[in-house]
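Observations on the three-dimensional arrangement
If you want the building blocks of each chain, they are given just below.
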Amino acid sequence: MSSHNKKQNIPLALEEIPDTPNMWRLKTDHDVLGMITQEDDHYLARSGETPVGGKFHTADDAVEALIAEYNLHRHNG
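Right, let's walk through the structure included here. Computed from a predicted structure; not experimentally measured. (Residues numbered from 1 in each chain as written. Predicted model: local features only at pLDDT ≥ 70, side-chain atom pairs only at ≥ 80, totals over all residues. Heavy atoms only, no water.)

1. Observations concerning the nonpolar core
Let me state the cut-off plainly: What is meant by a nonpolar core is a set of buried Ala, Val, Leu, Ile, Met, Phe, Trp, Tyr and Cys residues, joined one to another through side-chain atoms within 4.5 Å. The rule is simple: take the accessible area with a 1.4 Å probe, protein chains only, and divide by the maximum for that residue type; under 20% is buried, over 50% is exposed, in between is partly exposed. Helical segments are the DSSP runs of H or I of at least four residues, strand segments are the runs of E of at least two, and each set is numbered from the N terminus.
Ranked by size, the top nonpolar core spans 13 residues in total, and within it Ile 36, Tyr 43, Ala 45, Phe 56, Ala 62 and Leu 66 carry the most contacts. Secondary-structure elements contributing two or more residues to this core are strand E2 (20-27), strand E3 (32-39), strand E4 (42-47), strand E5 (50-56) and helix H1 (59-76).

Below is the structure:
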């Protein structure tokens, strides 16, 4: 098995949180990458208690920011 900086695709799920409108959990089979919240016309991303990025125009942008944050910590931890 070779590990020459090959990107590994990890299945992600964006799931609604019961009884919490406009909030989603981004997770893999084993980890929670963070939460995405919709506020008015923008989205916020949070990893644990830490805000990630700023205000995002789309949920997809917020998801991308959480993925980047997750990859950064996973490879530098």
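From this point, the narrative continues.
2. A closer look at the pattern of salt bridges
Under the convention used in this document: Salt bridges, as used here, are contacts in which a Lys or Arg side-chain nitrogen is within 4 Å of a carboxyl oxygen on Asp or Glu.
Here the structure, examined in full by the defined rule, presents two salt bridges. Ionic pairing is found between Glu 15 and Arg 25, a salt bridge with its closest N-O pair at 2.8 Å. Linking Glu 15 in strand E1 (residues 13-17) with Arg 25 in strand E2, this pair joins segments that are ten residues apart in sequence. Linking Lys 27 and Glu 15 is a salt bridge whose minimum nitrogen-to-oxygen distance equals 4.0 Å. Taken as a pair, Lys 27 in strand E2 and Glu 15 in strand E1 lie far apart in primary sequence, twelve residues in all. For Lys 27, a relative accessible area of 26% puts it in the partly exposed group. Here the salt bridges do not stand alone but share partners, grouping Glu 15, Arg 25 and Lys 27 into one network.

3. Remarks on the environment of Ile 10
Worth spelling out the cut-off: The contact criterion used is simple: two residues touch if any of their non-hydrogen atoms lie within 4.5 Å.
By the element assignment, Ile 10 lies in the segment before E1. With near-sequence residues (within four places) excluded, Ile 10 lies in contact with Thr 28 and Arg 74.

Note that all results are geometric; they support no functional claim without further evidence.
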